[in-house]
Amino acid sequence: MPKKIDPKVKERCVRQVMEHLPEYPSLTAAAEVVARREGVGKESVRRWVLQAQVDGGQRQGATTEELAQIKELKAKVRRLEEDNEILRRASIFFAGELDPRDR
């Protein structure tokens, strides 16, 4: 299970990478230095920066709000599919009980 990182640490990491990005050959290199300094995973920092760039309109992709909405809608679809399956099985059961040929 992933551990929760303090949002202030995330913000600080993203800010530091963005400020020092021109000093490094790649985003990965900058994220690695900041991650080591802050004691978090380098891939986590890199992904936070990418998401911040998407949220800021500097990069194509789904924003944080859109991702949250997608997650919520997927959960809703899953619940509705489960409800439909329950109703389908119940209708089959009750249709069998009401069939006059079985008496």
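Residues numbered from 1 in each chain as written. Predicted model: local features only at pLDDT ≥ 70, side-chain atom pairs only at ≥ 80, totals over all residues. Heavy atoms only, no water.

Named according to an unreviewed UniProt entry, the protein is Transposase originating from Arsenicicoccus cauae.

Re the packing of aromatic side chains
How we decide: Stacked, edge-to-face and tilted labels apply to pairs of Phe, Tyr and Trp rings (six-membered ring for Trp) whose centres lie within 6.5 Å, assigned for plane angles under 30 degrees, over 60, and everything in between, in that order.
By the definition in use, this model includes one aromatic pair. Residues Phe93 and Phe94 carry aromatic rings whose centres are separated by 5.2 Å and whose planes lie at 75° to one another, so their mutual orientation is edge-to-face.

A look at the UniProt feature "coiled-coil region" (unreviewed entry) in the protein
Applied cut-off: UniProt positions are given in the numbering used here, feature names are shortened, and annotations may be inferred rather than shown by experiment. Each helix is a run of H or I in the DSSP string that is no shorter than four residues. Each strand is a run of E no shorter than two, and both are numbered from the N terminus.
Under the UniProt annotation, the feature "coiled-coil region" (unreviewed entry) is placed at residues 63–90. Along residues 63–90 one finds 96% helix and 0% strand; the C-alpha atoms at either end are 41 Å apart.

Focus: the packing of helix H2 (residues 27–38) against helix H3 (residues 42–55)
For clarity, the cut-off: Only the stretch in contact is used when a helix axis is fitted, and all axes are lines through C-alpha atoms; the angle between N-to-C directions ranges over 0 to 180 degrees. Throughout this description, any angle smaller than 35 degrees is read as roughly parallel, any larger than 145 degrees as roughly antiparallel, any in the 65 to 115 degree range as roughly perpendicular, and the remainder as oblique. Two helices that cross are described as forming a left-handed crossing if the nearer one is turned anticlockwise from the farther one by less than a right angle, and a right-handed crossing if clockwise. Any two residues whose heavy atoms approach within 4.5 Å at even a single point are treated as in contact. As a working rule, the residues Ala, Val, Leu, Ile, Met, Phe, Trp, Tyr, Cys and Pro are called nonpolar, Asp, Glu, Lys and Arg charged, and the rest polar, with Gly in that last group.
Relative to each other, H2 and H3 sit at 120°, their axes nearing to 8 Å. One element, H2, and the other, H3, form an angle in the oblique class. For the crossing formed where H2 meets H3, the hand is right-handed. Within the contact between the two elements, H2 uses Leu27, Thr28, Ala31, Glu32 and Ala35 and H3 uses Lys42, Val45, Arg46, Val49 and Leu50. Considering only residue class, the contact of H2 with H3 consists of six nonpolar, one polar and three charged.

Notes on the nonpolar core
Formally: The nonpolar core is taken to be a set of buried Ala, Val, Leu, Ile, Met, Phe, Trp, Tyr and Cys residues, with the residues joined through side-chain atoms within 4.5 Å. Under the scheme applied here, a residue whose accessible area is under 20% of the maximum for its type counts as buried, over 50% as exposed, and between as partly exposed, the area being computed with a 1.4 Å probe on protein chains only.
Judged by nonpolar contacts, the single largest core of 14 residues is most densely connected at Cys13, Val17, Leu27, Val40, Val45, Trp48 and Val49. For this core, the elements supplying multiple residues, two or more each, are helix H1 (7–20), H2 and H3. Of all the elements, H2 adds the most residues to this core, at five residues.

Structural notes on the domain arrangement of the protein
Note the following rule: As used throughout, domain bounds are those supplied by an automatic or database domain assignment.
Each assigned domain of the protein is listed with its residue range as follows: domain 1 (1–61) and domain 2 (64–102). With centres defined by C-alpha atoms, the gap from domain 1 to domain 2 works out at 41 Å.

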